[in-house]
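These are the residues of each chain, in order.
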Amino acid sequence: MWSIFKKPSFLTASFAAFLICCFPIKLHASTISSVGSPNVEKGRLTAEIRQGYSLDNEDDGQGGQDQRLRSRFHVDYGLTDYYAPRVVVSTDRRKGGSLEFDTLTFENRFQFLKQKTAPLDFGIRLGYSLRDGDKKPDRTYINLYERKDVGEWQFRANQLFSHDIGEDAGDGISAELRLQATYEISEKVELGLESFNDFGNLAEQSGYSSQQHSVGPVIKAGFGDGYGLETGYRTGISEGALDHSFRIFLSKTF
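Quick notes on the rules
- Residues numbered from 1 in each chain as written.
- Predicted model: local features only at pLDDT ≥ 70, side-chain atom pairs only at ≥ 80, totals over all residues.
- Heavy atoms only, no water.
- Pairing = 2+ DSSP bridges.
- Helix = DSSP H or I, 4+ residues; strand = E, 2+ residues; numbered from the N terminus.
- pLDDT = per-residue confidence, 0-100.
- Contact = heavy atoms within 4.5 Å.
- Buried < 20%, exposed > 50% of the residue type's maximum accessible area, 1.4 Å probe, protein only.
- Polar contact = N/O pair within 3.5 Å; in protein donor to acceptor, adjacent residues only side chain to side chain.
- Phe/Tyr/Trp six-rings, centres within 6.5 Å; stacked < 30°, edge-to-face > 60°.
- Axes fitted to C-alpha atoms, helices over the stretch in contact; angles between N-to-C directions.

Novice: Mind showing me how you'd approach the pairing of strand β7 (residues 153-165) here?
Specialist: Two faces belong to every sheet, and in a regular strand the side chains alternate between them. Inspection of the sheet shows strand β6 (residues 138-150) paired to β7 by 13 bridges, in the antiparallel sense. Within β7, the residue paired with L144 across the bridge is Q159. By the bridge criterion, ten bridges tie β7 to strand β8 (residues 174-186) in an arrangement that is antiparallel. Considered in β8, the bridge of A157 is made with L179.

Novice: Before we go on, may I ask you to explain the confidence of the model for the protein chain in this structure?
Specialist: A low pLDDT score tells you not to read the predicted coordinates there in detail. Overall, the prediction assigns the protein chain a mean pLDDT of 87, with 86% of residues at 70 or greater. Contacts for the low-pLDDT stretch residues 1-29, under 50 throughout, to residues beyond four places or in other chains number 69 contacts.

Novice: So what exactly am I meant to see when it comes to the environment of Q51 here?
Specialist: For Q51, the position within the fold is in strand β1 (residues 45-55). For Q51, a relative accessible area of 30% gives the class partly exposed. Sequence separation of Q51 and R70 is 19 residues, and the distance between their C-alpha atoms is 5.9 Å. With sequence-adjacent residues up to four places away left out, Q51 is seen in contact with I32, L69, R70, S71, F246, R247, I248 and F249. At 3.1 Å, the side chain of Q51 and the side chain of S71 are in polar contact.

Novice: Got a minute to help me understand the packing of aromatic side chains in this structure?
Specialist: How two aromatic rings sit relative to each other is set out by the distance from centre to centre and by the angle between their planes. Summed over all chains, the structure comprises seven aromatic pairs. Ring centres of F112 and F122 lie 6.5 Å apart, and the angle between their planes is 35°; this geometry places the pair in the tilted category. Taken as a pair, F112 in strand β4 (residues 100-113) and F122 in strand β5 (residues 121-131) lie far apart in primary sequence, ten residues in all. When its relative accessible area of 21% is taken as the criterion, F122 is described as partly exposed. Here Y233 and F246 contribute two aromatic rings whose centre-to-centre distance is 5.1 Å and whose plane-to-plane angle is 40°, an arrangement assigned as tilted. Of the two residues, Y233 is situated in strand β11 (residues 227-236) and F246 in strand β12 (residues 244-253); the sequence distance between them amounts to 13 residues. Given a relative accessible area of 36%, F246 falls into the partly exposed group.

Novice: So what exactly am I meant to see when it comes to the sheet that holds β4 here?
Specialist: Backbone hydrogen bonds hold the strands of a sheet together, and the pairing may be parallel or antiparallel. In spatial order, the strands read β1-β2-β3-β4-β5-β6-β7-β8-β9-β10-β11-β12; together these twelve strands close into a barrel with antiparallel pairing. Taking the axes of each pair of neighbouring strands and ignoring which way they run, one obtains an average angle of 20° across the sheet.

Novice: Got a minute to help me understand unusual backbone geometry in this structure?
Specialist: Excluding glycine, most residues fall at negative phi; most peptide bonds, likewise, are trans. With a phi close to 55°, Q67 is a non-glycine residue in the positive phi region. Residue placement: Q67 occurs in the loop between β1 and β2 (68-77). Overall, the relative accessible area of 32% leaves Q67 in the partly exposed class. Despite not being glycine, K188 has its phi angle at roughly 60°, a positive value. Inspection of the secondary structure puts K188 in the loop between β8 and β9 (189-201).

Written out as structure tokens, the structure is:
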């Protein structure tokens, strides 16, 4: 499956040129989020640490997101080939502030379709996030995940739906769409493009410009004994999105 370097094709070169053109293009979906996979594997234990950093012009009303550092650590274990629980701890540091605990999330991942016997991989995640102190409300969510492999290409799509719970909770459901396409360019290295499209609360819509839409390149690499690295940059393409966002994830599978 992996080779040292595959012979570049016209499709590969065109895709790389597309990424270069898109790179300099405004992000507000969480800097520690990814376009996830539905895949579950029995006995697979994965630990991952994530760091995300955002920059934003304070004149556009998103000053609270400027120079903001978010971190996340999670552990995931496949109890069966179709179910894996996950625990997530998130922290946050605003510009000029100190590091603070943000949320504790309990998540259940279910994979219902596998490409071996179905057209694509498909799964659902059910989760509940407990927020610290005055950072209420809590949040519950249901997310849908799809993955399709075509040769060296891998396509992912996520549809996310969440609802606030408890103190200070509002009405309505929030929705988000994430898309990603990656191409295997060398041994254990994938280059791709992704978009995050956060529509906000569906009961309080006020147009595209106030929503959070962003796009940018992503690089994934595997190395050593079960280690994985993912890094990416996104820039906003709507007024409500952050100007710049950077992330780096490091994982270890046992």
